[in-house]
Structure formats: structure tokens, C-alpha cells
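Topology and contacts: notes
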Amino acid sequence: MQQALKEQLQKFVRSDKHITVLTGAGISAESGIPTFRGPEGYWTVGSKEYHPQEMATRRMFTLAPDEVWKWYLYRFNVCSAALPNPGHYALVEMEKIFGNRFTLITQNVDGLHIRAGNSMERTFHIHGNAACMRCFAECSRSLWPVPEIFRDRPPSADLGPEEIRLLTCPDCGSRTRPHVLWFDEIYNEHFFRFESSLRTARKTDLLIIVGTSGVTNLPNQVVAEVGRHGGLLIDINIAENPFSQYARKCKGYFLQNSAAGALPEMMDIFRQ
């Protein structure tokens with residue numbers, strides 16, 4: 001890590017300024033969770049193969065709710081079997097050091113940040129959580145955990161009557177849906193902390209971007225807002241990406257490293 005960046009981080013930790021961390025699929029990939037748009041995301045229905053951008057839509061759920069649920073239950077089990085890595089635990093320590101000056105905005109639906117120890121209050125799940133479900137008919141805003149009975153379920157097995165019953169809204173009897181942001185839906189505040197994320201961006205003095213390249217809208221808005229008002233941008237990624245280029249344009253830094261490598265090193269600097 002460059003000496004100039006080390007000195008900036010040491011100075012920052014002694015200030016009263018706000019730090020935000022934005023995480024994406026890269027930090028989860030280090031825990032063995034395949035990236036959403038990778039080959040593991042494809043799903044076969046009959047003789048046709050569907051891409052994640054086709055499966056993860058409200059339209060597909062309307063047409064084939066059982067197939068969409070089977071796909072998400074497979075992903076639910078992959079996430080459940082994964083464990084937090086040193087990058088996740090470094091962010092837990094970071095929250096402890098900065099307290100109310102810290103916000104974590106995550107695109108990941110695997111719940112690993114919470115399982116590692118970050119607080120729900122300071123963690124914004126802007127794409128939802130695959131371990132939760134809600135009413136597809138939107139009779140309420142309630143969230144329920146996906147039942148434990150679905151753990152280790154064979155991914156290709158059809159849903160039985162009892163399983164379908166467990167995936168039914170207890171309030172109105174409609175089908176439940178995974179609590180995730182689908183490609184043909186838009187962000188909102190209640191489920192996805194849209195306005196809260198933008199308010200946080202406006203007060204952020206240091207933004208650490210981890211393992212994401214900005215494919216989706218809200219992360220792009222967060223990064224652009226912090227850069228626009230002169231906040232320090234640090235992009236951590238194993239490869240060059242639009243955020244690394246933007247960070248350098250704003251006189252920030254690109255650390256070509258893994259989350260598990262860069263974040264613990266950064267925590268060592270904050271502890272000093």
C-alpha cells in the first residue's frame with residue numbers, strides 16, 4: 001500500500017468524518033459463492049437454458065414460479081454453506097472502530113456480512129437477502145425466513161405440495177417470492193434502502209469500493225455522489241474496472257488486490 005494512502009487513512013481514523021464501504025460479488029466469491037452472472041447462474045427449464053438476467057425477473061416468476069424458486073433455493077443453499085472470509089471480518093472490526101461514522105452498503109444477497117458480525121442497523125442490503133421471502137401479491141411488507149427444510153435440497157427436484165405450501169404467504173395465501181431486487185424492478189426505500197444510500201453518499205468522506213464494477217444503478221449513483229463532492233475513493237478489486245478508473249480520476253486509489261488481502265491490511269493501519 002502506498003505511503004501516501006497509509007498517511008491519509010491514519011489521519012482519517014483520528015477525524016470525525018464518515019466512512020462508507022460498498023461491497024459486491026467479489027468479496028463473496030472469495031467465500032466460494034459463484035458470481036451471479038457466471039456459468040453457475042444459468043438454469044435449464046425443459047430443453048431451454050435461461051440466463052440469470054432472464055430467471056431473476058418478475059416476469060419469469062409470473063410465468064414459472066416453481067422454476068424461479070428452485071433456482072433461488074439452489075442459490076440459497078450455496079450461500080448457506082459459505083462462510084465469511086477475512087475481508088468480511090475486517091469490515092466487522094471497521095464498524096467497531098468507527099461506530100456511527102460507518103455504513104456498509106452491499107449488493108450481495110448472501111447475508112455473509114451479518115453472519116460475520118456487522119450490524120443490521122448500519123448494513124444496507126440494496127439488493128435484498130436470499131434467505132428471506134415476502135408476499136408476491138404484496139399484501140404486506142413482512143419478511144419471513146426461507147424455511148430450514150429447504151437446506152441441502154437437490155437443485156433439480158420438482159417442488160412438492162408441502163414445499164409449495166411452505167412457500168405460501170401466511171397472511172393472504174398467495175405465493176411468496178424471494179426477497180431480492182429483480183432485473184425488471186426498481187429500487188425503493190423500504191426494501192432496498194434507496195434514499196438512505198444516497199443520503200449516506202452525500203455525507204461520506206471516505207468510500208471504499210470492494211469487489212464490484214458498477215453494473216447496477218444505485219452503486220453507480222453512490223460512487224458518483226462521493227466523487228462529486230470530493231470524498232476520497234478507494235477501489236479494491238482483482239481487475240481494472242470502471243470504478244478503479246473513476247477513483248484515479250478523482251485522485252483516489254486503486255488497490256489491485258482481493259478483499260481478504262486488502263481489507264485486513266487496511267484495518268492494521270486503522271488500529272495503529
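Details of the structure are given in the entry above.
Our subject in this report is the structure included herewith. These figures come from a predicted structure and were not determined experimentally.

What counts, and at which threshold
- Residues numbered from 1 in each chain as written.
- Predicted model: local features only at pLDDT ≥ 70, side-chain atom pairs only at ≥ 80, totals over all residues.
- Heavy atoms only, no water.
- Salt bridge = Lys/Arg side-chain N within 4 Å of Asp/Glu carboxyl O.
- Buried < 20%, exposed > 50% of the residue type's maximum accessible area, 1.4 Å probe, protein only.
- Helix = DSSP H or I, 4+ residues; strand = E, 2+ residues; numbered from the N terminus.
- Contact = heavy atoms within 4.5 Å.
- Pairing = 2+ DSSP bridges.
- Axes fitted to C-alpha atoms, helices over the stretch in contact; angles between N-to-C directions.
- Parallel < 35°, antiparallel > 145°, perpendicular 65-115°, else oblique.
- Left-handed = near helix turned anticlockwise from the far one by under 90°.
- Nonpolar A, V, L, I, M, F, W, Y, C, P; charged D, E, K, R; others polar.

Observations concerning the pattern of salt bridges
In total, this model carries 15 salt bridges according to the counting rule given. The salt bridge involving glutamate 148 is made with arginine 151; its shortest N-O contact spans 2.3 Å. On the basis of relative accessibility, which here comes to 36%, the residue arginine 151 falls in the partly exposed class. Put simply, arginine 193 and glutamate 189 hold a salt bridge, and the shortest N to O gap is 3.6 Å. Given a relative accessible area of 26%, glutamate 189 falls into the partly exposed group. Each of Arg58, Glu138, Arg177 and Glu185 takes part in salt bridges that share partners, so that together they form one network.

Here's the deal with the environment of phenylalanine 124
Considering the arrangement of structural elements, one finds phenylalanine 124 in strand E5 (residues 123–125). On the accessibility criterion, phenylalanine 124 (6% relative accessible area) is buried. Those residues within four positions of phenylalanine 124 in sequence are excluded, and the remaining contacts are Thr103, Leu104, Ile105, Thr106, Arg193, Ser196, Ser197 and Thr200.

Some remarks on the sheet that holds strand E9 (residues 206–210)
Pairing within the open sheet is parallel, and its six strands lie in the order E5-E4-E1-E9-E10-E11. Single-partner strands in this sheet number two, and they are E5 and strand E11 (253–256). Averaged over all pairs of adjacent strands, the angle between strand axes in this sheet comes to 15°, irrespective of strand direction. By the bridge criterion, five bridges tie E9 to strand E10 (residues 232–237) in an arrangement that is parallel. By the bridge assignment for E10, leucine 206 is matched with leucine 232. Sitting on the sheet, helix H11 (residues 217–228) touches strand E1 (19–23), strand E4 (102–106), E9 and E10, and the angle it makes with E9 is about 145°.

Observations regarding the packing of helix H10 (residues 194–203) against H11
It is at 8 Å that the axes of H10 and H11 come closest, and there the two elements cross at 20°. Looking at the two axes, H10 sits roughly parallel to H11. For the pair H10 and H11, the sense of crossing is right-handed. Across from Phe194, Ser197, Leu198, Ala201 and Arg202 in H10, the residues of H11 making contact are Leu218, Gln221, Val222, Glu225 and Val226. Partitioning the contact of H10 with H11 into residue classes produces six nonpolar, two polar and two charged.

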